[in-house]
Amino acid sequence: MERRWGLLRSSIITGFTFIELIFVTVVLGLLFAAAIPRMQQGWVSFQTEQAAFELAQTLRIARVLAVTQSQPVIWTWNAQTRQVALGQPAQDDTMTPLAGRAGRPYLLARPLSLTMKPEGAPNSRLQFFPDGTCDAASIVLSHRAVSRYCITMDGSTGRVVVQRTALASSCSSERLSE
């Protein structure tokens, strides 16, 4: 009899039924469908944050170059080409691009929008002076309705501050004291 049970025991197949596999597949599909929009929003927030800190870094580089070279440095935003460039003022109110790595333009990704306050012409400029001061301004970097960053320059100290702000809040130099 033992043998008989041994034969029966080995002939029984264990595993999942087709309905159980379909059910698990559907549940996983629903979980992924719910998670994808959150992952996309997180990716967009990350891209916006990275761009804000890279823009702030170009501002800090401009200040350091102005102080170390004892010459004014201009930070320029060109809305048509979506580029930030560093240069030195020329005689005819234009800008001579800096040589080397610091002179390479930084290209802002397409879905991001940049506005400067005080707002200028299509080519907005900030000037950094050899004593460490700069033109006071605020730059707002945003991506539709997902995230928004405020980059503020204190004119008297040249300090650059990056803060994530609410979409409805304003960006002002008063935030520097926080």
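Located above this text is the structure these notes cover.
Residues numbered from 1 in each chain as written. Predicted model: local features only at pLDDT ≥ 70, side-chain atom pairs only at ≥ 80, totals over all residues. Heavy atoms only, no water.

Student: Got a sec to walk through the packing of aromatic side chains? Specific residues and values, please.
Tutor: Per the counting criterion, the structure on display carries 1 aromatic pair. Between the aromatic rings of Trp43 and Phe46, the centroid separation amounts to 5.5 Å while the plane-to-plane angle is 35°, which identifies the pairing as tilted. Taken as a pair, Trp43 and Phe46 lie in helix 2 (residues 18-69) at a separation of 3 residues, close to a single helical turn. For Phe46, a relative accessible area of 41% translates into the label partly exposed. (Phe/Tyr/Trp six-rings, centres within 6.5 Å; stacked < 30°, edge-to-face > 60°. Helix = DSSP H or I, 4+ residues; strand = E, 2+ residues; numbered from the N terminus. Buried < 20%, exposed > 50% of the residue type's maximum accessible area, 1.4 Å probe, protein only.)

Student: I'd like a rundown of the nonpolar core, residues and numbers included.
Tutor: Membership of the largest hydrophobic core comes to 30 residues, with the highest contact counts inside it found for Trp75 and Ile151. Among the elements of the structure, helix 2, strand 1 (73-78), strand 2 (83-89), strand 5 (113-117), strand 6 (123-128), strand 7 (137-143), strand 8 (147-153) and strand 9 (160-164) are those that each provide at least two residues to this core. Element by element, the count of residues in this core is highest for helix 2, at 8 residues. Filtering out sequence-adjacent residues up to four positions away, Trp75 remains in contact with Leu55, Thr58, Leu59, Val84, Ala85, Leu86, Met116, Ser124, Arg125, Leu126, Phe128 and Ile139. (Core = buried A, V, L, I, M, F, W, Y, C linked by side-chain atoms within 4.5 Å. Contact = heavy atoms within 4.5 Å.)

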